[in-house]
Amino acid sequence: MLCSLSILDFVIVDRAEIIFEPGFTVFSGETGAGKSILIDALSLALGGRGDASLVREGTRRADISAVFDIPPAAADWLAELAIEGEELILRRIIDNQGRSKAYINGSPATLAQLRELGALLVDIHGQHAHQGLLQAASQRDILDTQGGHATLVRDLTEAWQHWRSAQAALDSAQVSATQQAQLLDRLQQEVDFLDEIAPTADEWPQLCARQAQLAHAQALLAGASQAVQALDGEDGSVASALQAALQALQPLVRHDARLLEHCQTLETARILCSETVSGLNAYADRLELDPEALAQADARMSQLFSAARRFHIEPDALTALHQERSSQLQQARTGLDLVTLTQARDQAQTRYQTIAETLSLARADAAAQLSRQVTQAMQTLSMEGGCFQVGLPACEPSSHGLETVEFLVAGHAGVPPRPLSRVASGGELARISLALSVIASQAARVPCLIFDEVDVGIGGAVAEVVGRLLHQLGQRHQVLCVTHLPQVAACASHHFQVSKTTHQQHTLSAIHALDASARTEEIARMLGGLKVTAATLEHAREMLQLSKTA
């Protein structure tokens, strides 16, 4: 569960500290007040993309921290990285130059790690999710996610790539034996040359550092000696000055104890000075004045630089090129064996076919279940008599399988289902999207679900049904919803208002938890606009009362 969200200097939010509760929580406010900024801030803490434009104007950096309870799946993930803590704190900082830092429980983390961990904590359904339903890729992803086909899909993609690679190798070998022989000869010459050079990993930066040290050894030694002389020489050294200062102050401590602190500081400085002198002496002892070693380093650098120039690359890329050319040479040698290549292609194709057929059966089961569930949900969303089907027409083998996924819908009884992109209105599309989101979330193990204005295009009695659906979902998950519908807001267990103010020519957004009275006024505003009347207040009270008994 998301416990709290701390926001500092993010877009138009100067400072906010939001404490969350279990159940269904809504955020409301006027258009442009910054409701979705909360979702953007949380997305940033979960590893989302960010840049300098997110930093509030006139400030140095934006700082977002999200605190979570630790679910079992995340506990296992944290244990693998040896990250400890009774709670989970994700932090993201972006400065006004666009530089970003990320932390997990105070330990530096990568954005990839934040995203991977965030997927175990939060599922965000954006306000434009329904538009994605019109895309074939989105429909396929929804079905595979609902069916739990992630492993099969990953295996299928790998099998497809292996099949394509094996086919390409066979095709290349069949094009021209002469071309293949020429390629083999060129690769052999390059590999022989690189074998003779024998570049090793990290050799170039280490060689550059070694050469710089040898070339400037005399200056380094002189500098170290001068520093030692200044710190601990015979005349006017730092060590002598520190010792003199100590001898001047120590007898006086018995008269004024406040001098003890300064004596201790001087003693620390004296010890550090002594340690520095010892370290510099040891450093000087290790320095080499070796012209022969310098000449060898220069020669090796020249050899590597000339080799890199031949291949038009940087010297530190020679090792990777050596490995690449050796691999290509091995492939080229194998490429002359058409029988072996044909066998490899056939094996890769058979593996692909086996995985694809298994995925097809799994998709058929998931399609039947999803069709049934969405059809049932449509009956409660003012689409009585309508139906939803997941079609799986066969297609040529691809990286996605042996079939395409197509969502079909009939808005009312007596009409055959047709592709969603051709028959669904904006309102119907929004309702079907919401039904899919709720159905997918019911099966999800993610503890926190966020809906960012997914109720766009919905109103009236349907909005009330949506609110009740989200409230029911809040019995199993923590549900956060940005909404502009009073019917949805009235069904929430907790209500925050997002407002916008202007202070000293700067626009700021603020977030406030609403008590019963303020909540009534906010729902009345959502019902009636800027002017709240006695009638809208009474209507708001009635909506809140009915939501408690529903």
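Above: the structure in question.
Residues numbered from 1 in each chain as written. Predicted model: local features only at pLDDT ≥ 70, side-chain atom pairs only at ≥ 80, totals over all residues. Heavy atoms only, no water.

Two elements in contact, helix H9 (residues 217-232) and helix H11 (residues 259-286), have axes separated by 9 Å at closest approach and are oriented at 155°. The orientation of H9 with respect to H11, classified from their angle, is roughly antiparallel. The two elements H9 and H11 cross, and the hand of that crossing is left-handed. For the pair H9 and H11, contact is made by Leu-220, Leu-221, Ala-224, Ala-227, Val-228, Leu-231 and Asp-232 and by Cys-273, Thr-276, Val-277, Leu-280, Asn-281, Tyr-283 and Ala-284, respectively. (Axes fitted to C-alpha atoms, helices over the stretch in contact; angles between N-to-C directions. Helix = DSSP H or I, 4+ residues; strand = E, 2+ residues; numbered from the N terminus. Parallel < 35°, antiparallel > 145°, perpendicular 65-115°, else oblique. Left-handed = near helix turned anticlockwise from the far one by under 90°. Contact = heavy atoms within 4.5 Å.)

The subject of this paragraph is the sheet that holds strand S14 (residues 448-452). Pairing in this open sheet of six strands is mixed, and the strands run S8-S14-S15-S3-S16-S17 from one edge to the other. The sheet is open, and its two edges are formed by strand S8 (122-125) and strand S17 (506-513), each paired on a single side. Between one strand and the next, the sheet's axes are offset by a mean angle of 15°, whatever the strand orientation. Summarising the sheet, S14 and strand S15 (residues 478-482) pair through five bridges and their orientation is parallel. Bridging from a neighbouring strand, Cys-448 pairs with Gln-478 of S15. (Pairing = 2+ DSSP bridges.)

To continue, consider the nonpolar core. Ranked by internal contacts, the top residues of the largest apolar core, which has 45 residues, are Ile-7, Phe-27, Phe-68, Leu-90, Ile-104 and Leu-117. Excluding residues that lie within four positions of it along the chain, Phe-27 makes contacts with Phe-20, Lys-35, Leu-38, Leu-480, Cys-481, Val-482, Thr-483, Phe-496, Val-498 and Ile-511. Membership of the second largest hydrophobic core comes to 29 residues, among which are Leu-434, Ala-463, Val-488 and Leu-537. (Core = buried A, V, L, I, M, F, W, Y, C linked by side-chain atoms within 4.5 Å. Buried < 20%, exposed > 50% of the residue type's maximum accessible area, 1.4 Å probe, protein only.)

As enumerated under the stated definition, the model contains 15 salt bridges in all. A salt bridge links Glu-203 to Arg-300; the shortest N-O distance between them is 2.7 Å. Of this pair, Glu-203 sits in helix H8 (residues 203-215) while Arg-300 sits in helix H12 (residues 291-311), and the two are 97 residues apart along the sequence. The salt bridge involving Arg-345 is made with Asp-346; its shortest N-O contact spans 2.8 Å. Since its relative accessible area comes to 17%, Arg-345 is described here as buried. Assessed through its relative accessible area of 34%, Asp-346 is described here as partly exposed. Taken together, the salt bridges that share partners define one network made up of Arg-186, Glu-190, Glu-324 and Arg-325. (Salt bridge = Lys/Arg side-chain N within 4 Å of Asp/Glu carboxyl O.)

Another aspect to go through is helix H19 (residues 516-528). With 13 residues, H19 should cover 18 Å at 1.5 Å per step; its first-to-last C-alpha distance of 18 Å lies within 8% of that length. The complete set of buried residues in H19 reads Arg-519, Thr-520, Glu-522, Ile-523, Ala-524, Arg-525 and Met-526. (Expected span 1.5 Å × (residues − 1).)

Scanning all chains against the criterion turns up eight aromatic pairs. Ring centres 6.2 Å apart and planes at 50° place the aromatic pair Phe-20 and Phe-496 in the tilted group. On the criterion of sequence distance, the pair formed by Phe-20 in the loop between strand S2 (13-19) and strand S3 (24-28) and Phe-496 in strand S16 (residues 494-503) is long-range, its members being 476 residues apart. Overall, Phe-20 belongs to the buried group, its relative accessible area being 5%. (Phe/Tyr/Trp six-rings, centres within 6.5 Å; stacked < 30°, edge-to-face > 60°.)

So, about the side chain of Thr-25. Tracing the backbone through its elements, the reader meets Thr-25 in strand S3. Non-local contacts of Thr-25, meaning those with residues more than four positions away in its chain, are made with Val-479, Leu-480, Cys-481, Ala-492, His-494 and Phe-496.

Here we come to unusual backbone geometry. In this structure, Asn-105 is a non-glycine residue whose phi angle is positive, near 50°. Residue position: Asn-105 is located in the loop between strand S6 (100-104) and strand S7 (107-108). Phi angles above zero are rare outside glycine, and Ala-198 is one such case at about 55°. The residue Ala-198 is located in the loop between helix H7 (177-197) and H8 in this model. Exposure remark for Ala-198: the relative accessible area of 36% places this residue in the partly exposed category.

A separate point is the packing of helix H10 (residues 238-249) against H11. Geometrically, a packed helix pair is captured by the angle between its two axes and the distance between the axes. Where H10 contacts H11, the axes come no closer than 10 Å and their chain directions differ by 155°. Regarding the angle of H10 to H11, the classification is roughly antiparallel. For the pair H10 and H11, the sense of crossing is left-handed. Each of Val-238, Ala-239, Leu-242, Gln-243, Ala-245, Leu-246 and Leu-249 in H10 lies in contact with H11, whose residues at this interface are Leu-259, His-262, Cys-263, Leu-266, Glu-267, Ala-269, Arg-270 and Cys-273.

Let us now look at H12. Taking 1.5 Å of rise per residue, the 21 residues of H12 would be expected to cover 30 Å, and the 31 Å separating its terminal C-alpha atoms lies within 8% of that figure. Every buried residue belonging to H12 is among Ala-293, Ala-297, Arg-300, Met-301, Leu-304, Ala-307, Ala-308 and Phe-311, and all of these are buried. Within H12, the buried residues cover an arc of 130° as seen down the axis, which keeps them to one side. Turned more than 90 degrees off the buried face of H12, the exposed positions are Pro-291, Glu-292 and Arg-309. Once H12 ends, the next one or two residues include His-312, with phi positive near 60°. (Arc of directions from axis to C-beta.)

Right, let's get into the sheet that holds strand S4 (residues 61-68). Think of a sheet as strands paired side by side through backbone hydrogen bonds, with each pair either parallel or antiparallel. The antiparallel open sheet is built from six strands, whose spatial order is S2-S1-S4-S5-S6-S7. Strands with a single pairing partner mark the edges of an open sheet, and in this sheet they are S2 and S7. By the bridge criterion, six bridges tie strand S1 (residues 2-10) to S4 in an arrangement that is antiparallel. Along S4, the bridge assignment pairs Ile-7 with Ile-64.

To continue, consider the environment of Leu-8. Looking at the secondary structure, you find Leu-8 in strand S1. Leu-8 sits in the partly exposed class, given a relative accessible area of 25%. Taking the C-alpha atoms as reference points, Leu-8 and Arg-519, separated by 511 residues in sequence, lie 26 Å from one another. Contact partners of Leu-8, with chain neighbours within four places excluded, come to Val-13, Asp-14, Arg-15, Arg-61, Ala-62, Asp-63 and Ile-64.

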